[in-house]
Amino acid sequence: YVERSIFLVVVVAVSGFFLDWLSITLLLDVNPWGTATAIPGLMLTLQGIWLIVNPFAVIYENRFEIKQSLLYNKEFFYLDAKAIDDKKAHSVQIIYNDGDIENLPLIGMRASHKQLFKDRLKEKIGESIKHRDF
């Protein structure tokens, strides 16, 4: 498991809880702005809880999964990739077998886990290339 940045999780969760509190306070005073603040508050609260429960990335034997947010959850298979380019600090580029390049932003990942994540990807893609028959 590759952990998330604690700062990002705390900011999202606290802002969601603050907007929830604000909307409840406004709705108790029969103010229509309570409804307007409730929708983003509930969305941020749900996103914050989801960020707390799920890790940023999970590395398996044949694939890795990035769970950047509630809406962005993508799975990548090592068999499809031939290399990674990790020259940028906040992203990784996956180079596929057919030459296509996909940029994966690592914003939201714990800083101490970024290099570990890149090293594990290189290792797993290297193992996949070694065991391919095509």
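*Asks:* Looking at this model, I keep getting lost on a nonpolar patch on the surface. Mind explaining?
*Replies:* Among the surface-exposed residues, Phe17, Ile49, Ile52 and Val53 lie close enough to one another that they form a single nonpolar patch of about 420 Å² accessible area. For the nonpolar patch, the leading source of residues is helix H2 (residues 33-53), giving 3 residues.

*Asks:* Before we go on, may I ask you to explain the packing of aromatic side chains in this structure?
*Replies:* In this description, an aromatic ring pair is defined by two values, namely the gap between the centres and the angle between the planes. According to the stated counting rule, one finds 4 aromatic pairs in the structure shown. Both rings, one in Phe18 and one in Trp21, keep their centres 5.9 Å apart while their planes meet at 35°; by these two values the pair is tilted. Of this pair, Phe18 and Trp21 both sit in helix H1 (residues 6-28), 3 residues apart, which is roughly one turn of that helix. By relative accessible area, Phe18 is classed as partly exposed at 46%. Ring geometry for Phe64 against Phe117: centres 5.8 Å apart, planes inclined by 75°, an arrangement best described as edge-to-face. Pair noted here: Phe64 is in strand S2 (residues 63-67) and Phe117 is in helix H3 (residues 111-130), with a separation of 53 residues, a long-range link. Put simply, the rings of Phe64, Phe76, Tyr78 and Phe117 pair up and form one aromatic cluster. A cation sits over an aromatic face here: Arg63 above Tyr60, 4.1 Å from the ring centre.

*Asks:* Is there a simple way to explain the sheet that holds strand S5 (residues 91-96) in this structure?
*Replies:* Across a sheet, paired strands are connected by hydrogen bonds in the backbone, their directions being either parallel or antiparallel. Pairing is antiparallel in the open sheet, where 3 strands are placed in the order S4-S5-S6. Strand pairing shows two members of the sheet lacking a second neighbour, strand S4 (81-85) and strand S6 (101-105), which therefore form its edges. For this sheet, the mean inter-axis angle between neighbouring strands, taken without regard to orientation, is 25°. Judged from the 4 bridges that link them, S4 and S5 form a sheet pairing that is antiparallel. By the bridge assignment for S5, Ile84 is matched with Ile94. Where H3 meets the sheet, it contacts S4 and S5, and its direction lies at approximately 155° from that of S4.

Conventions and cut-offs
Residues numbered from 1 in each chain as written. Predicted model: local features only at pLDDT ≥ 70, side-chain atom pairs only at ≥ 80, totals over all residues. Heavy atoms only, no water. Patch = residues over 30% accessible without salt bridge, like charges linked within 9 Å, V, L, I, M, F, W, Y side chains within 5 Å. Areas by Shrake-Rupley, 256 points an atom, 1.4 Å probe, with all protein chains shown as cover. Salt bridge = Lys/Arg side-chain N within 4 Å of Asp/Glu carboxyl O. Helix = DSSP H or I, 4+ residues; strand = E, 2+ residues; numbered from the N terminus. Phe/Tyr/Trp six-rings, centres within 6.5 Å; stacked < 30°, edge-to-face > 60°. Buried < 20%, exposed > 50% of the residue type's maximum accessible area, 1.4 Å probe, protein only. Lys NZ or Arg CZ within 6 Å of the ring centre and 35° of its normal. Pairing = 2+ DSSP bridges. Axes fitted to C-alpha atoms, helices over the stretch in contact; angles between N-to-C directions. Contact = heavy atoms within 4.5 Å.

Fair warning: the whole summary comes from geometry, so function is off the table for now.
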